[in-house]
Amino acid sequence: MKKLAFGALVCLSLKTFTGQAQEALIPQPQEMTVGKGTFSLGKNLSILKDAAFPEMTYLQKHIEAITGKNVKTQAQKAAIRYRLNPTLVANPEAYNLKIDDTGIEITASSNHGIFYGMQTLLQLIEEHKSDLRLPHLHISDQPKFAYRGMHLDVCRHFFTVDEVKNYLDYLAAYKINKFHWHLTDDQGWRIEIKSHPKLTEIGAFRKPIAFGDEESGRITEKGYGGFYTQEEIKDVVAYAQKLHIEIIPEIEMPGHAQAALAAYPELSCTGGPFEVGTVWGVIEDIFCPKEETFALLEDVIDEVIPLFPSQYIHIGGDEAPKKRWEACPHCQELIKKEGLKGEHELQSYFITRMEKYINGKGKKIIGWDEILEGGLAPNATVMSWTGIQGGIEAAKSGHDAIMTPASHVYFDYYQGNPETEPAAFNAQIRLEKVYSYDPIPQELTSEQSKHILGAQANMWTEYIPTFKQVQHMLFPRLMALSEVTWGTSNPEDYKGFEKRVVQHFKILDRKGINYSKAIHEVIGRIKHVDGIVAYELSTAKDPQGIRYTVDGTEPTVSSLPYIKPIAIDKSLIIKSAYFEDGKQISATTTKEFVHSKSTGKSITLESQPNEAYSRGGAAILVDGVFGSKNYHQENWLGFNKGDMVATIDFGTATDISSVLVSAMESTGSWIHYPTEINIYVSNDNQNFRLVKSVDRALVLEAKGNPQIAIGQEKTRYLKVEAKRPREIPAGNPGAGLDAAYIFIDEITVN
């Protein structure tokens, strides 16, 4: 017998059964003991018939789908049995799975645990379906986190009841237990409210827009859109309950309300008129905190609560610009009347008032981390998305938090090379990045950590018009989320996880699920060693199958075989691909290096970038690679607190004459060009001399890549200072807020 704990792989090769044992389980169980024998399920393909276990029907259906054989149900001597043991484990999601000569038995303290044992069993059957000889084993398993969530935005693009049910099936298969259903936003109100029918009569439909609407096939005479009737909501909720998934509805307030304001413009500060949103991003018109608004929202809550047995109602609270409130006489009078310190405390007043109403109905609220602004509502749970700081702040103040940082778990971001993946939000989160995430921030004590309920990944759908693309963006990243939230992920053995993922592709193929093949891409990593940049290539499969070129030509099976990291000592265009049996399996990966006197040199920052946009640290500023203007996380550092001040050490006094500083502007995301760039030189790293200063006009003229001539200088140290706008300029989303970002990438010196 061999005991494996906390996700260790079972890699036994025993003559008593074919294949290798259970190396494909996702999520891996907390503890597993594997024996030497096998049980032949094929000889008695039967499951226990017991009215106490409605999950039996689910198990029967899925075994038949895997094996193509009929599964008998019998009251006695069934091969697959299950029983409740209330004294087993306090955690209702825990289960034991035992396979021996007598058959298969799942034990748990609740049907919830039985259901998760069934999911593990289904993966085992999938792995051994060729002969249905299952290895003797004992699994003792339970999740680390009580909240294991997945989100779906049905507002930007709408999905049918059947598609939502399919989505729930995917979550259940990987032991995800919370479904966050984003039902209202600027671009659509998707839930029927009988007391206010215009919310769906008007708010559920918008003018078709260029991105994906035609492809979706959901344009009617009313425009693009749709909504769920209350009967359809009940149907989906009942379906989720059978899968032991809790559905958490989101009703956005006070921002992201334009669809509601299009229906009821009197709930705004200006009176409208409005149309349902047809652009993405942050819209300035939000709910006005007057009695008519609260009356409607309370009516909405009164109809929403009976539909969802969840303990939570998500009320949004994010991205609520205060411009309309600042100019609104009613809002300013309310601020004075309530003794509030400005518009941020007015938002806290809004959220707290709605929380009190919702608490009075026996429910709790969840809000995005902006609900921390102006003071957190007394019983609110924070969903931390802008980074991890919101979760840290909530936990330290004794509030529960759910971690969902954009840096790791936003599934609307690219998961592979944007040149070969479907259009997505302009950032990148690969499978490995999701798998590396630890929901417990290091800053928290063990007592504070108890307030971190778990983690959730979000699926925003601005760039996802069809359910087929939803599948593509979900898989295989859902598998990484599953193991992270179950608590058995091991980033140090990412390659082992990657191999299991590849085996699960067979399951997705059988089910007809579309998924990203980015895992087969050749992945390039830039390494800095002793002032030299090197480019390291890897792939999920045999690295000996990688072929590459350094002159920009397409790789072939006859191109250079990859053996070791490629030194970047001059400007190169490296193209690489994975080949198998003489055929190219992956898309081509391209990386262009622009070598300069700064490439690979030591570099330090005076202030650090925002944690969500800090990938690679200061070294990415001198790695020779320019970030794509189409997506801002890869190769970019984002600063939203202080200026970007970087100091490069050339090692010895070096002749230089120009500096190029690469910046980005994306005003819809509050990213703006620097207002000023200053270049300094020094030979002692203490006394710096300003040699050139340029303003935003030059940056704008150069489209973010200003080549700054500084004359002939000989220096060991070079300091580059890029100044951040102190407030977002007028005429832009978020105007007037001290929330502007500057995004800086490459600093090349010649």
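Look above for the structure.
Residues numbered from 1 in each chain as written. Predicted model: local features only at pLDDT ≥ 70, side-chain atom pairs only at ≥ 80, totals over all residues. Heavy atoms only, no water.

Asks: Sorry, what's going on with the overall build of the protein here?
Replies: A count of helical and extended segments in the protein gives 18 helices and 38 strands. Computed over the C-alpha atoms, the radius of gyration of the protein is 28 Å, within 12% of the 27 Å expected from 2.2 N^0.38 for a compact globule of 750 residues. Along the three orthogonal principal directions, the C-alpha set of the protein runs to about 90 × 70 × 55 Å. The buried share of the protein, reckoned over its 750 residues, is 60%. Across the protein, contacts joining residues at least 24 apart in sequence account for 71% of those joining residues at least 6 apart. Each charge sign in the protein was given a centre, from 79 positive and 95 negative side chains, and these centres are 6 Å apart. (Helix = DSSP H or I, 4+ residues; strand = E, 2+ residues; numbered from the N terminus. Rg over C-alpha atoms; globule rule 2.2 N^0.38 Å. Buried < 20%, exposed > 50% of the residue type's maximum accessible area, 1.4 Å probe, protein only. Contact = heavy atoms within 4.5 Å. Lys, Arg positive; Asp, Glu negative; His and termini not counted. Charge placed at Lys NZ, Arg CZ, Asp CG, Glu CD.)

Asks: Whenever I open this one, the pattern of salt bridges confuses me. Can you help?
Replies: Pairs can form between side chains of opposite charge whenever their charged atoms are close. For the structure on display, the rule yields 34 salt bridges. In this structure, the salt-bridge partner of Asp285 is Arg324, at a minimum N-O distance of 2.8 Å. Residue Asp285 is located in the loop between helix H7 (258-263) and helix H8 (291-304), and its partner Arg324 is located in helix H9 (residues 323-326); the two are separated by 39 residues in the primary sequence. Judged by its relative accessible area of 23%, Arg324 falls in the partly exposed class. (Salt bridge = Lys/Arg side-chain N within 4 Å of Asp/Glu carboxyl O.)

Asks: Help me understand the nonpolar core in this model?
Replies: Proteins that are soluble and globular tend to have nonpolar side chains buried together. Counting residues in hydrophobic clusters, the biggest one holds 177 residues, and the most contacted among them are Tyr82, Met150 and Trp181. Setting aside residues no more than four positions away along its own chain, Trp181 makes contact with Leu152, Val154, Val164, Tyr228, Ile233, Val236, Ile247, Ile248, Pro249, Glu250 and Phe308. Grouped together as the second largest cluster of nonpolar side chains are 32 residues, Met644, Tyr673, Ile744 and Val749 included. (Core = buried A, V, L, I, M, F, W, Y, C linked by side-chain atoms within 4.5 Å.)

Asks: Looking at this model, I keep getting lost on helix H1 (residues 55-67). Mind explaining?
Replies: Residues that lie three or four places apart on an α-helix share one face, since the helix turns once every 3.6 residues. Helix length check: H1 (13 residues) gives 18 Å between terminal C-alpha atoms against 18 Å at 1.5 Å per residue, within 8%. For H1, the full list of buried residues reads Glu55, Met56, Tyr58, Leu59, His62, Ile63, Ile66 and Thr67. All buried residues of H1 project into a common sector of 155 degrees when viewed along the axis, lining one side. Buried-residue contacts for H1 involve strand E3 (46-48), strand E4 (72-74), strand E5 (80-84), helix H2 (111-127) and helix H17 (494-511). One or two steps after H1, the chain reaches Gly68, where phi turns positive at roughly 75 degrees. (Expected span 1.5 Å × (residues − 1). Arc of directions from axis to C-beta.)

Asks: For this particular structure, what's the right way to read the pairing of strand E32 (residues 602-605)?
Replies: Residues in a regular strand point their side chains to alternate faces of the sheet. Along E32, the buried face is formed by Ile603 and Leu605; none of Ser602 and Thr604, which line the opposite face, is buried. Relative to strand E34 (residues 644-664), E32 is paired through four bridges, and the arrangement is antiparallel. Within the sheet, the bridge partner assigned to Leu605 lies in E34 and is Ala646. (Pairing = 2+ DSSP bridges.)

Asks: Would you take a moment to explain the packing of helix H3 (residues 161-173) against helix H15 (residues 467-474) for this structure?
Replies: The N-to-C vectors of H3 and H15 enclose an angle of 15 degrees; their axes lie 11 Å apart at closest approach. Taken together, H3 and H15 sit at an angle that is classed as roughly parallel. Both H3 and H15 take part in a crossing whose hand is right-handed. Here Glu163, Asn166, Tyr167 and Tyr170 of H3 lie close against H15, whose contacting residues are Phe467, Val470, Gln471 and Leu474. (Axes fitted to C-alpha atoms, helices over the stretch in contact; angles between N-to-C directions. Parallel < 35°, antiparallel > 145°, perpendicular 65-115°, else oblique. Left-handed = near helix turned anticlockwise from the far one by under 90°.)

Asks: Would you explain the packing of H1 against H2 in this entry?
Replies: Helix-helix packing: each pair is described by the crossing angle between the helix axes and the interaxial distance. Where H1 meets H2, the closest approach of the two axes is 11 Å, and the angle between their N-to-C directions is 10 degrees. The angle between H1 and H2 places the two elements in the roughly parallel class. Of the residues in H2, those touching H1 at Glu55, Met56, Tyr58, Leu59, His62, Ile63, Ile66 and Thr67 are Asn111, Phe115, Met118, Gln119, Leu122, Ile125 and Glu126. Looking at the contact of H1 with H2 residue by residue, the classes come out as nine nonpolar, four polar and two charged. (Nonpolar A, V, L, I, M, F, W, Y, C, P; charged D, E, K, R; others polar.)

Asks: What am I meant to see in the packing of aromatic side chains here?
Replies: Here a ring pair, both rings aromatic, is described through the centre-centre distance and the interplanar angle of the planes. According to the stated counting rule, one finds 29 aromatic pairs in the structure shown. For the ring pair Tyr413 and Phe425, a centre distance of 5.0 Å and an interplane angle of 20 degrees mean the geometry is stacked. You can see Tyr413 sitting in strand E21 (residues 413-414) and its partner Phe425 sitting in strand E22 (residues 425-428), a full 12 residues away along the chain. A centroid spacing of 5.1 Å and a plane angle of 70 degrees characterise the contact between Tyr535 and Phe593, whose relative ring orientation is edge-to-face. Remark: Phe593 occurs in strand E31 (residues 589-593) and Tyr535 occurs in strand E25 (residues 532-538); sequence separation between them is 58 residues. Of the residues examined, Phe593 reaches a relative accessible area of 1% and is grouped as buried. Among the aromatic residues, those joined into a ring-pair cluster are Phe158, Tyr167, Phe179, Trp181, Tyr228 and Phe308. Over the aromatic face of Trp486 sits the side chain of Lys175, whose NZ or CZ is 5.6 Å from the ring centroid. (Phe/Tyr/Trp six-rings, centres within 6.5 Å; stacked < 30°, edge-to-face > 60°. Lys NZ or Arg CZ within 6 Å of the ring centre and 35° of its normal.)

Asks: Teacher, can you tell me more about the environment of Asp318 here?
Replies: You can see Asp318 is positioned in the loop between strand E17 (312-316) and H9. On the basis of relative accessible area, Asp318 is assigned to the buried category, the value being 5%. Linking Asp318 and Thr466, residues 148 residues apart in sequence, is a C-alpha distance of 26 Å. Leaving out residues up to four positions away in the same chain, Asp318 has contacts with Glu252, His256, Trp368, Glu370 and Trp385.

Asks: Looking at this structure, how should I read unusual backbone geometry?
Replies: Excluding glycine, residues mostly have negative phi values, and the peptide bonds linking residues are mostly trans. Residues Met253 and Pro254 are joined by a peptide bond in cis, for which omega reads -10 degrees. A cis amide bond links Phe475 to the next residue, Pro476, at an omega of 5 degrees. For Pro476, the location among the structural elements is in the loop between H15 and helix H16 (477-486). Even without being a glycine, Asp581 presents a positive backbone phi close to 55 degrees.

Asks: I tried to follow the sheet that holds strand E14 (residues 219-220) on my own but got confused; where do I start?
Replies: The strands that make up a sheet are held in pairs by hydrogen bonds between backbone atoms, and each pair lies either parallel or antiparallel. The strand order across the open sheet built from three strands is E13-E15-E14, with neighbouring strands paired in antiparallel fashion. Of all the strands in the sheet, just strand E13 (205-206) and E14 have a single pairing partner and so form its edges.

Asks: Can you help me understand the sheet that holds strand E16 (residues 246-253) in this one?
Replies: Spatial strand order, E9-E10-E16-E17-E18-E19-E20-E23: eight strands in a closed barrel with parallel pairing. Neighbouring strand axes in the sheet, compared pairwise and without regard to direction, differ in orientation by 30 degrees on average. Judged from the three bridges that link them, E17 and strand E18 (residues 364-368) form a sheet pairing that is parallel. Bridge pairing in E18 places Ile313 opposite Ile365. Sitting on the sheet, H16 is in contact with strand E9 (147-153) and strand E23 (452-457), with an inclination near 150 degrees to E9.

Asks: Looking at this structure, I do not really get the side chain of Asp745. What am I missing?
Replies: For Asp745, the location among the structural elements is in strand E38 (residues 742-749). Looking at Asp745, its side chain comes within polar contact range of the main-chain nitrogen of Gly627, at 2.4 Å. Ignoring anything within four residues of it in the chain, the contact list for Asp745 reads Ile620, Leu621, Val625, Phe626, Gly627, Asn635, Trp636 and Ser662. (Polar contact = N/O pair within 3.5 Å; in protein donor to acceptor, adjacent residues only side chain to side chain.)

Asks: Is there a simple way to think about H16 in this case?
Replies: Within H16, 10 of the 10 residues are buried, which leaves it mostly tucked inside the rest of the structure. Note on H16: the residue one or two positions beyond its end, Gly487, has a positive phi of about 100 degrees.

Asks: Teacher, can you tell me more about the state of the cysteines here?
Replies: A covalent bond between the sulfur atoms of two cysteines is what we call a disulfide. For the structure shown, the criterion picks out zero disulfides. Left without a disulfide partner, Cys269 is nearest to the cysteine sulfur of Cys288, which lies 3.4 Å away. We classify Cys269 as partly exposed; its relative accessible area is 22%. Cys331 supplies the cysteine sulfur nearest to Cys328, a cysteine that is in no disulfide, at a spacing of 3.4 Å. (Disulfide = S-S within 2.5 Å.)

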